[in-house]
Amino acid sequence: MRIMGIDYGDRQIGVAVSDELFLTAQGVTTLRNSGDERVLNDIAKLAKEYGVTELVVGLPKNMNGTIGPRGELAEAFARVLGETAGLPVTMWDERLTTMSAQRTLIEADVSRKKRKEVIDKMAAALILQNYMDSRRR
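### Some words on the sheet that holds strand β1 (residues 2-8)
- Read across the sheet, five strands follow the order β3-β2-β1-β4-β5 without closing on themselves; strand pairing throughout is mixed. Both outer strands of the open sheet, β3 (25-32) and β5 (89-93), are each paired with one neighbouring strand and no more. With strand direction ignored, the average angle separating the axes of adjacent strands in the sheet is 25°.
- With seven bridges connecting them, strand β2 (residues 12-18) and β3 associate as antiparallel partners. The residue bridging Val-17 from the neighbouring strand is Gln-26, located in β3.
- Sheet strands in contact with helix α2 (residues 69-85) are β1, β2, β4 (52-59) and β5, and its direction is about 170° off that of β4.

### Digging into the nonpolar core
- Met-4, Ile-6, Ile-13, Ile-43, Phe-77 and Leu-81 are the most contacted members of the largest nonpolar core, which has 20 residues in total.
- Listed by contribution, the elements that provide at least two residues to this core are β1, β2, α1 (37-50), β4 and α2.
- When residues in this core are grouped by element, the largest group, five residues, is from α1.
- Beyond its immediate stretch of four places on either side in the chain, Met-4 contacts Val-15, Ala-16, Val-17, Ile-43, Leu-46, Ala-47, Val-52, Glu-54, Leu-55, Val-56 and Leu-128.
- Formed by ten residues, the second largest nonpolar core is a distinct cluster that contains Val-56, Ala-125, Ile-127 and Leu-128.

### Quick word on the pairing of β2
- Of all seven residues in β2, six are buried, a share of seventy percent or more.
- Sheet analysis places β1 next to β2, joined by five bridges and oriented antiparallel. Each bridged residue has a counterpart across the sheet, and for Gly-5 the counterpart in β2 is Ala-16.
- What sits between the antiparallel neighbours β1 and β2 is a turn of three residues.

### Things to note about the side chain of Arg-2
- Tracing the backbone shows Arg-2 in strand β1.
- In terms of polar contacts, Arg-2 uses its side chain to reach the backbone carbonyl oxygen of Tyr-50, at 3.4 Å.
- Not counting the four nearest positions on each side in its chain, Arg-2 is found in contact with Ser-18, Asp-19, Glu-20, Phe-22, Tyr-50, Gly-51, Val-52, Thr-53 and Glu-54.

### Structural notes on the packing of aromatic side chains
- Per the stated rule, a full pass over the model turns up two aromatic pairs.
- Consider the rings of Trp-92 and Tyr-131, whose centres lie 5.4 Å apart with planes at 80°: the pair is edge-to-face. Of this pair, Trp-92 sits in strand β5 while Tyr-131 sits in helix α4 (residues 112-136), placing them 39 residues apart in sequence.
- Since its relative accessible area comes to 23%, Trp-92 is described here as partly exposed.
- For Tyr-131, a relative accessible area of 8% corresponds to the buried category.

### Structural notes on the pattern of salt bridges
- A full pass over the atoms with the stated rule returns three salt bridges.
- In this structure, Arg-70 engages Asp-10 in a salt bridge whose closest nitrogen and oxygen atoms are separated by 3.1 Å. Here Arg-70, found in helix α2, pairs with Asp-10, found in the loop between β1 and β2; they are 60 residues apart in sequence, far enough to count as distant.
- Using a relative accessible area of 41% as the deciding quantity, one classes Arg-70 as partly exposed.

### Structural notes on α1
- Taking 1.5 Å per residue, 14 residues should reach 20 Å; α1 reaches 20 Å between its end C-alpha atoms and fits that length.
- Within the sequence span of α1, burial applies to Val-39, Leu-40, Ile-43, Ala-44, Leu-46 and Ala-47. Axial view of α1: buried residues confined to an arc of 160°, hence all on one face. Turned more than 90 degrees away from the buried face of α1, the exposed residues are Glu-37, Arg-38, Lys-45, Lys-48 and Glu-49.
- Taken together, the buried residues of α1 touch β1, β2, β3, β4 and α2.

Reading guide: rules and limits
Residues numbered from 1 in each chain as written. Predicted model: local features only at pLDDT ≥ 70, side-chain atom pairs only at ≥ 80, totals over all residues. Heavy atoms only, no water. Pairing = 2+ DSSP bridges. Helix = DSSP H or I, 4+ residues; strand = E, 2+ residues; numbered from the N terminus. Axes fitted to C-alpha atoms, helices over the stretch in contact; angles between N-to-C directions. Contact = heavy atoms within 4.5 Å. Core = buried A, V, L, I, M, F, W, Y, C linked by side-chain atoms within 4.5 Å. Buried < 20%, exposed > 50% of the residue type's maximum accessible area, 1.4 Å probe, protein only. Polar contact = N/O pair within 3.5 Å; in protein donor to acceptor, adjacent residues only side chain to side chain. Phe/Tyr/Trp six-rings, centres within 6.5 Å; stacked < 30°, edge-to-face > 60°. Salt bridge = Lys/Arg side-chain N within 4 Å of Asp/Glu carboxyl O. Expected span 1.5 Å × (residues − 1). Arc of directions from axis to C-beta.

Encoded structure:
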(Lines give C-alpha, C1' and ligand atoms only; values in the text may rest on other atoms or scores of the structure.)
Protein backbone atom coordinates (compact mmCIF):
# COMPACT_ATOMS: atom_id res chain seq x y z
CA MET A 1 0.00 0.00 0.00
CA ARG A 2 1.25 3.42 -0.97
CA ILE A 3 0.00 6.96 -1.46
CA MET A 4 0.58 8.91 -4.66
CA GLY A 5 1.16 12.66 -4.69
CA ILE A 6 0.38 14.73 -7.77
CA ASP A 7 1.43 18.26 -8.69
CA TYR A 8 -1.03 19.26 -11.41
CA GLY A 9 0.09 21.85 -13.95
CA ASP A 10 -1.06 23.09 -17.33
CA ARG A 11 1.97 21.63 -19.13
CA GLN A 12 3.49 19.14 -16.71
CA ILE A 13 2.19 16.86 -13.97
CA GLY A 14 4.62 15.75 -11.28
CA VAL A 15 4.09 12.34 -9.70
CA ALA A 16 5.51 11.01 -6.42
CA VAL A 17 4.82 7.92 -4.31
CA SER A 18 5.28 7.08 -0.66
CA ASP A 19 7.20 4.17 0.73
CA GLU A 20 5.07 1.36 2.17
CA LEU A 21 5.42 2.71 5.72
CA PHE A 22 4.18 6.17 4.67
CA LEU A 23 7.35 7.80 5.99
CA THR A 24 8.98 9.23 2.88
CA ALA A 25 7.91 10.48 -0.53
CA GLN A 26 9.97 9.97 -3.67
CA GLY A 27 9.47 11.69 -7.00
CA VAL A 28 8.65 9.14 -9.70
CA THR A 29 8.13 10.96 -12.97
CA THR A 30 6.89 14.03 -14.76
CA LEU A 31 4.14 13.54 -17.31
CA ARG A 32 3.33 15.88 -20.16
CA ASN A 33 -0.18 17.23 -19.63
CA SER A 34 -1.75 16.46 -22.98
CA GLY A 35 -5.15 17.67 -21.78
CA ASP A 36 -6.88 14.42 -22.65
CA GLU A 37 -7.66 11.03 -21.13
CA ARG A 38 -4.19 9.69 -21.90
CA VAL A 39 -2.57 11.42 -18.91
CA LEU A 40 -5.37 10.24 -16.61
CA ASN A 41 -4.87 6.67 -17.79
CA ASP A 42 -1.08 6.99 -17.39
CA ILE A 43 -1.50 8.09 -13.77
CA ALA A 44 -4.05 5.32 -13.10
CA LYS A 45 -1.59 2.80 -14.56
CA LEU A 46 1.23 4.11 -12.35
CA ALA A 47 -1.06 3.94 -9.32
CA LYS A 48 -1.82 0.30 -10.04
CA GLU A 49 1.86 -0.49 -10.69
CA TYR A 50 2.91 0.99 -7.33
CA GLY A 51 -0.01 -0.44 -5.34
CA VAL A 52 -1.43 2.97 -4.53
CA THR A 53 -4.55 3.13 -2.35
CA GLU A 54 -4.98 6.92 -2.16
CA LEU A 55 -4.21 9.92 -4.35
CA VAL A 56 -3.19 13.33 -3.01
CA VAL A 57 -3.52 16.19 -5.48
CA GLY A 58 -1.97 19.57 -4.76
CA LEU A 59 -4.51 22.38 -4.41
CA PRO A 60 -3.04 25.73 -5.45
CA LYS A 61 -4.68 28.20 -3.10
CA ASN A 62 -4.20 31.95 -3.13
CA MET A 63 -2.07 33.31 -0.31
CA ASN A 64 -5.25 34.47 1.49
CA GLY A 65 -6.56 30.88 1.48
CA THR A 66 -9.16 31.30 -1.26
CA ILE A 67 -9.39 29.02 -4.27
CA GLY A 68 -8.95 30.73 -7.62
CA PRO A 69 -9.15 29.52 -11.22
CA ARG A 70 -6.01 27.33 -10.96
CA GLY A 71 -7.41 25.67 -7.84
CA GLU A 72 -10.71 25.02 -9.59
CA LEU A 73 -8.84 23.36 -12.48
CA ALA A 74 -6.93 21.16 -10.02
CA GLU A 75 -10.17 20.17 -8.27
CA ALA A 76 -11.83 19.27 -11.58
CA PHE A 77 -8.77 17.22 -12.59
CA ALA A 78 -8.78 15.44 -9.22
CA ARG A 79 -12.47 14.48 -9.55
CA VAL A 80 -11.95 12.94 -12.99
CA LEU A 81 -8.69 11.28 -11.90
CA GLY A 82 -10.40 9.67 -8.90
CA GLU A 83 -13.09 8.25 -11.15
CA THR A 84 -10.56 7.05 -13.74
CA ALA A 85 -8.27 5.41 -11.17
CA GLY A 86 -11.08 4.21 -8.91
CA LEU A 87 -9.26 5.63 -5.88
CA PRO A 88 -10.09 8.17 -3.18
CA VAL A 89 -8.56 11.61 -3.76
CA THR A 90 -7.51 14.10 -1.11
CA MET A 91 -6.82 17.70 -2.04
CA TRP A 92 -3.81 19.18 -0.22
CA ASP A 93 -2.78 22.82 0.10
CA GLU A 94 0.30 23.19 -2.06
CA ARG A 95 1.08 26.87 -1.45
CA LEU A 96 4.79 27.55 -1.88
CA THR A 97 5.78 23.93 -2.63
CA THR A 98 7.11 24.72 -6.12
CA MET A 99 8.99 27.71 -4.73
CA SER A 100 10.45 25.50 -1.98
CA ALA A 101 11.48 22.85 -4.51
CA GLN A 102 13.08 25.54 -6.69
CA ARG A 103 15.01 26.95 -3.74
CA THR A 104 16.27 23.50 -2.73
CA LEU A 105 17.48 22.76 -6.26
CA ILE A 106 19.22 26.14 -6.54
CA GLU A 107 20.96 25.58 -3.19
CA ALA A 108 22.10 22.18 -4.47
CA ASP A 109 23.59 24.00 -7.49
CA VAL A 110 21.43 22.10 -9.97
CA SER A 111 21.59 23.60 -13.46
CA ARG A 112 18.61 25.53 -14.80
CA LYS A 113 17.99 22.88 -17.47
CA LYS A 114 18.03 20.02 -14.95
CA ARG A 115 15.80 21.99 -12.53
CA LYS A 116 13.20 22.33 -15.27
CA GLU A 117 13.22 18.54 -15.72
CA VAL A 118 12.73 17.64 -12.05
CA ILE A 119 10.87 20.55 -10.45
CA ASP A 120 7.37 19.10 -10.91
CA LYS A 121 8.12 15.65 -9.49
CA MET A 122 9.98 17.28 -6.61
CA ALA A 123 6.95 19.51 -5.92
CA ALA A 124 4.75 16.38 -5.99
CA ALA A 125 7.08 14.75 -3.45
CA LEU A 126 6.83 17.83 -1.19
CA ILE A 127 3.03 17.84 -1.42
CA LEU A 128 2.94 14.16 -0.51
CA GLN A 129 5.54 14.48 2.27
CA ASN A 130 3.63 17.39 3.87
CA TYR A 131 0.41 15.37 3.70
CA MET A 132 2.00 12.29 5.31
CA ASP A 133 3.69 14.40 8.00
CA SER A 134 0.35 15.98 8.91
CA ARG A 135 -1.26 12.53 9.28
CA ARG A 136 1.42 11.47 11.78
CA ARG A 137 0.80 14.46 14.07
